[in-house]
Amino acid sequence: MSGGTMPFLPRRAAHPGAPARETAAGGPPRGEAGFVHSILYDARNRERGLLMSVRMAGDPVRCPYGEHPETWHRGGAQRPTAVELLQRAIPRLPELRGGQGLELTGGEPLAQPAFTASALALFSAAGVRTVLRTSGQVPASLPLSVLDAADEVFLDLHTPDERSSWALHHRKAGPALAFARRAAAHGVPLRLSYLLVPGVTDAPGAVDAAARLATELGCPVEVRPCRPRRRDSYQELNLTPPPVPAKAPAPTALAAARARFAGAGLEVAA
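Residues numbered from 1 in each chain as written. Predicted model: local features only at pLDDT ≥ 70, side-chain atom pairs only at ≥ 80, totals over all residues. Heavy atoms only, no water.

1. A few points about the environment of His68
Logical step 1: Considering the arrangement of structural elements, one finds His68 in the loop between β2 (51-56) and α1 (82-89).
Logical step 2: Note on His68: relative accessible area 24%, which makes it partly exposed. (Helix = DSSP H or I, 4+ residues; strand = E, 2+ residues; numbered from the N terminus. Buried < 20%, exposed > 50% of the residue type's maximum accessible area, 1.4 Å probe, protein only.)

Structure representation (structure tokens):
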């Protein structure tokens, strides 16, 4: 099915194998500090309410077509603990509870598993919806219990096709596919996030491969357009720009990709 904004997945009960979530007041110790690039409160979507977006610093993938290369490295990052992160949010907790809640994004949150697990658990115990975005490019040894307090996990896989994956960020898709399958088997509420990059991931075969994966995982899909940055903005960050300049996909290409996912029987965000 397609059309309209997809509803939230329901709040998630604690995983059967996970310890009981403690309250923010008497909960876990302060824990280790995270590397946080920035914290943004976004209330532009009036229907869905307030979102607290925490951009983590440090990204091992460093996809050149990603929207936020400023988060690739940890230099100059803020160093809050999960408890301190929740304390910062206390004045806006009522809005977060009634809105979109907490989003941990990147950088790569799962590159900081202890901090990420603590933040998800604390905010969930405080009654806040929790969302995480990951590339899935994580070690096979990563314990999936890190995600036990996540209400929804967006898998920014971009593409399961090995050739397209290498063209995007010079990494094999295999580790991300293995993570996705492990996460689905563990009961993690996944949503596949597909990045449409003209000339890289917009071929029908690449879209079909992603649709087959989403069908296998039993998860809905969102299709995101590549949003190119000015090439001189990479120089300002002392980073190397993409070898092939990124282009935004045409609206017709975006609609065609979404229609192709929907034609495979998948729920697709408009």
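Next comes the rest of the description.
2. Section: unusual backbone geometry
Across the chain, the bulk of peptide bonds are trans and the bulk of non-glycine residues have phi less than zero.
Logical step 1: Here the amide bond leading from Gly106 into Gly107 is cis, since omega sits at 0 degrees, within 30 degrees of zero.
Logical step 2: Along the chain, Gly107 turns up in the loop between β3 (101-105) and α3 (113-125).

3. Considerations on the pairing of strand β7 (residues 221-225)
Logical step 1: With 5 of 5 residues buried, β7 is to be regarded as a mostly interior element.
Logical step 2: Residue alternation in β7 divides its side chains into two sets, Val221, Val223 and Pro225 and Glu222 and Arg224, and both sets are buried.
Logical step 3: As paired elements, strand β6 (residues 190-196) and β7 share 5 bridges and run parallel to each other. When the bridges of β7 are listed, Tyr194 appears paired with Val223.
Logical step 4: Following the chain from β6 across helix α6 (residues 204-217) to the adjacent parallel β7, one finds a crossover that is right-handed. (Pairing = 2+ DSSP bridges. Right-handed = clockwise from strand over helix to strand, strands pointing away.)

4. Here's the deal with the sheet that holds β2
Logical step 1: An order of β1-β2-β3-β4-β5-β6-β7 is seen for the 7 strands of this open sheet, with the pairing classed as mixed. Each having just a single partner strand, β1 (36-42) and β7 make up the two edges of the open sheet. Going across the sheet, the axis of each strand differs from the next one's by a mean of 20 degrees, ignoring polarity.
Logical step 2: Packing of α1 onto the sheet brings it into contact with β1 and β2, and relative to β1 it is tilted by some 25 degrees.
Logical step 3: Where helix α8 (residues 251-263) meets the sheet, its contacts fall on β6 and β7, and the angle it forms with β7 comes to roughly 165 degrees. (Axes fitted to C-alpha atoms, helices over the stretch in contact; angles between N-to-C directions. Contact = heavy atoms within 4.5 Å.)

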